[in-house]
Amino acid sequence: MVDKKNIIKLKNISFSYPDSYQKGPSLNGTDVKVLNDLSFELNANDKIGMIAPNGSGKTTLLHIIMGLCQPDCGVVELFGEKLTKEKEFALYRPKIGLMFQDSDDQLFNPYVIDDIAFGPLNLGFSQKEALIIAREILSDLGIEDLENSIVHKLSGGQKRLVALATVLAMKPEALLLDEPTAGLDMEVKTRIEGILKNLDIAFLVVAHDFNFLKSISSRIISMTEGKVLMDDQIHIHQHEHIHKYGHDPHTHV
Ligand SMILES: Nc1ncnc2c1ncn2[C@@H]1O[C@H](COP(=O)(O)OP(=O)(O)O)[C@@H](O)[C@H]1O
Ligand SMILES: [Mg+2]
């Protein structure tokens, strides 16, 4: 039987940034709702890709799930528990690994190995155990050679892989990845694609690259007007088009 254990459930969430600098269509000065009566679920075994334009609220949605933003109304449930307070979210955060849109928000130790061992240490593992876990993850991701590298000297792609390693080191039950391949070259992109295809935990991955999402997910969803559009509400299609010099493979963003 398919395991349908619920990991994330959002019910009727609305959210506006209090210091909203974007007045958008709301000309009477009230805050524009970034999330507007949004509902969403992630269950065990779900592999969901999300593609939606910049500014549609994807990052905000992930931050609401992690308790980094408090919704104005609506319910956040993680693993069947309704959460409102910071200390409740703090208990569940290690079970859901969020990879931030900007790797610099994730990495704060001088050396790669310390950044990856940080999570397991926080979970109560000894220094020795945390190092073993960190080295295992480095090896799983094929980046053992970065163990003693200085984080701020890494390339963008290396930082992204290390950020993913810090999240996986917590052995989460689900992953939220915010544009994990943005700005990466083909080699790192393919590597991340391979890692995600081999993962046996549920995930929600936000990206602008349709082919990448298609290859790693079983469903692709979108967002508009502050709501999630499920796959039966969207029609994904690819265009045929003509280019003057279009013989070589290429993608459109
Ligand atoms: N800290 C903030 N303060 C005010 N407005 C914000 C803040 N962060 C994001 N926004 C606005 O909220 C909207 C959604 O942003 P975001 O969730 O980052 O979208 P996406 O990840 O889909 O690009 C955008 O219009 C953005 O300008
Ligand atoms: Mg974003």
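As the structure is a prediction and not an experimental result, all values here were calculated from the model.

K.L.:
So what's going on with the packing of helix H3 (residues 112–122) against helix H4 (residues 127–140)? Residues and values would help.
P.N.:
Contact geometry of H3 with H4 gives a least axis separation of 8 Å together with a crossing angle of 120°. Accordingly, the angle class assigned to the pair H3 and H4 is oblique. Regarding H3 and H4, the two cross each other, and that crossing is right-handed. Facing H3, whose interface residues are Val112, Ile113, Ile116, Ala117, Pro120 and Leu121, H4 presents Gln127, Ala130, Leu131, Ile133, Ala134, Arg135 and Leu138. Classifying every residue of the contact of H3 with H4 by side-chain character gives 11 nonpolar, one polar and one charged.

K.L.:
Give a detailed account of the coordination of the magnesium ion (ligand 2), specifying residues and quantitative values.
P.N.:
Listed as protein donors to the magnesium ion (ligand 2) are Thr59 (OG1) and Gln101 (OE1); their distances from the metal cover 2.0 to 2.3 Å. Of this pair, Thr59 sits in helix H1 (residues 58–65) while Gln101 is found in the loop between strand S6 (96–99) and H3, placing the two residues 42 residues apart along the sequence. The class of Thr59 is partly exposed, set by a relative accessible area of 24%.

K.L.:
Break down the side chain of Asn43 for me, citing the residues and quoting the values.
P.N.:
As for its position among the elements, Asn43 is in strand S2 (residues 35–43). A distance of 2.8 Å separates a polar atom in the side chain of Asn43 from a polar atom in the side chain of Asn6. Only 3.4 Å separates the side chain of Asn43 from the side chain of Glu41, close enough to count as a polar contact. Those residues within four positions of Asn43 in sequence are excluded, and the remaining contacts are Lys4, Lys5, Asn6, Ile7 and Ala202.

Reading the values: the criteria
- Residues numbered from 1 in each chain as written.
- Chains lettered and ligands numbered in written order.
- Predicted model: local features only at pLDDT ≥ 70, side-chain atom pairs only at ≥ 80, totals over all residues.
- Heavy atoms only, no water.
- Axes fitted to C-alpha atoms, helices over the stretch in contact; angles between N-to-C directions.
- Helix = DSSP H or I, 4+ residues; strand = E, 2+ residues; numbered from the N terminus.
- Parallel < 35°, antiparallel > 145°, perpendicular 65-115°, else oblique.
- Left-handed = near helix turned anticlockwise from the far one by under 90°.
- Contact = heavy atoms within 4.5 Å.
- Nonpolar A, V, L, I, M, F, W, Y, C, P; charged D, E, K, R; others polar.
- Donors = N, O, S within 2.8 Å, 3.2 Å for Na, K, Ca; no water.
- Buried < 20%, exposed > 50% of the residue type's maximum accessible area, 1.4 Å probe, protein only.
- Polar contact = N/O pair within 3.5 Å; in protein donor to acceptor, adjacent residues only side chain to side chain.

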